[in-house]
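The residues making up each chain are set out below.
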Amino acid sequence: MVKKLLATMAAVCACALALVSPLAAFAAPGDDAPIVVYDGAAKAWHGKNLQEQDVIAVTRDVMPGDSFTQEFDLAVRRIGRGVTLSMRPEADAATLAALSDMSIELADGSGALIARGTLEELTQAGGAPLPIGTYTSSATTPLRITLTVPTSVDNESQGETHAISWVFTAQEDGGGSASAESDELLAQTGDSPLSVYGPFVLGALGILLVVGAAVVKRRN
């Protein structure tokens, strides 16, 4: 009877491990990198593994010359025609008044400069957005954004809190475009299957092992 029970427990444990393994593979190292994705089939943007600091720069008690860095991957998926991706910063009137001369630099994963400008230049009506590139197939571009507080910032601004977010735009060849703001991407960022289901599977496995040990001890 005990042997039969142990064999059953072994089979159940094997099944539990089989369930956990694919989830672990799904969340393999590097798969948790923050990503901003344009889905050409859905004509929409969404975020993956994004935290607020990835796409919204919040400045508190800044000093002249302070810098902030944001890093994430920009990905394009399921496109049927050429698409040009771009982005531009967005800030409210108070932020623009205090940090209009803030320098913004956009570089790729290798450090090559893609674009540079000030907050005022890049947010003004009709201002040119920062161009990322034109794509004809699925691709991923690592991005690094550096925002530097101007030396002209006054003492009053140093005690304030300001936020700079981003607007991402995809312009498809032949017409049609889609845009999304940082807060919209954050609202669409979900949990990985491993973090959702993994604890339940491992918890059930632990209970089975405890029960089996108790039964074997009693039989002995």
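Located above this text is the structure these notes cover.
Residues numbered from 1 in each chain as written. Predicted model: local features only at pLDDT ≥ 70, side-chain atom pairs only at ≥ 80, totals over all residues. Heavy atoms only, no water.

Caption draft 1: Spatial organisation of the side chain of S100. Here S100 is to be found in the loop between helix 3 (93-99) and strand 6 (103-108). By relative accessible area, S100 is classed as buried at 19%. Sequence-distant contacts of S100, that is, excluding residues within four places in its chain, are made with T95, T118, L119 and E120. (Helix = DSSP H or I, 4+ residues; strand = E, 2+ residues; numbered from the N terminus. Buried < 20%, exposed > 50% of the residue type's maximum accessible area, 1.4 Å probe, protein only. Contact = heavy atoms within 4.5 Å.)

Caption draft 2: Layout of the nonpolar core. Membership of the largest hydrophobic core comes to 39 residues, with the highest contact counts inside it found for V36, Y38, W45, L85, M87 and F168. With 4 residues, strand 10 (residues 161-172) is the largest single contributor of residues to this core. (Core = buried A, V, L, I, M, F, W, Y, C linked by side-chain atoms within 4.5 Å.)

Caption draft 3: Here's a closer look at the sheet that holds strand 9 (residues 139-148). Strand order in the open sheet formed by 6 strands is 2-1-4-9-6-7, with mixed pairing between adjacent strands. Of all the strands in the sheet, the pair left with one neighbour each is strand 2 (44-48) and strand 7 (113-118). Across this sheet, the average inter-strand angle for adjacent strands is 20°, counted without regard to direction. As paired strands, strand 1 (residues 35-39) and strand 2 are joined by 5 bridges and run antiparallel to one another. Bridge pairing in strand 2 places D39 opposite A44. (Pairing = 2+ DSSP bridges. Axes fitted to C-alpha atoms, helices over the stretch in contact; angles between N-to-C directions.)

Caption draft 4: Local environment of the side chain of Q70. With respect to the element layout, Q70 can be found in strand 4 (residues 67-77). The buried category is assigned to Q70, whose relative accessible area is 2%. Within the structure, the side chain of Q70 is placed 3.4 Å from the backbone oxygen of Q53, a separation counted as a polar contact. Reaching out from Q70, the side chain makes a polar contact with the side chain of W166 at a distance of 3.0 Å. Excluding anything up to four places from it in sequence, Q70 contacts Q53, D54, V55, I56, A57, L143, R144, I145, L147 and W166. (Polar contact = N/O pair within 3.5 Å; in protein donor to acceptor, adjacent residues only side chain to side chain.)

Caption draft 5: Region of the structure containing the packing of aromatic side chains. Overall, the coordinates contain 3 aromatic pairs when judged by the stated rule. Seen from their ring centres, Y38 and W45 are 5.3 Å apart, and the 50° between their planes marks the pair as tilted. With relative accessibility at 5%, the residue W45 sits in the buried group. Judged by centre distance (6.0 Å) and plane angle (75°), the rings of F72 and F168 are edge-to-face. In this pair, F72 is assigned in strand 4 and F168 in strand 10, connecting sequence segments 96 residues apart. Across the pair, exposure class does not vary: F72 and F168 are buried alike. Taken together, the ring pairs connect Y38, W45, F72 and F168 into an aromatic cluster. (Phe/Tyr/Trp six-rings, centres within 6.5 Å; stacked < 30°, edge-to-face > 60°.)

Caption draft 6: Broad picture of the pairing of strand 7. Pairing of strand 6 with strand 7 involves 5 bridges; the strand directions are antiparallel. What sits directly across from A107, in strand 7, is L113. Once strand 6 ends, the chain turns through 4 residues before running back antiparallel as strand 7, passing G111 with a positive phi of about 95°.

The analysis is restricted to geometry; functional conclusions fall outside its scope.
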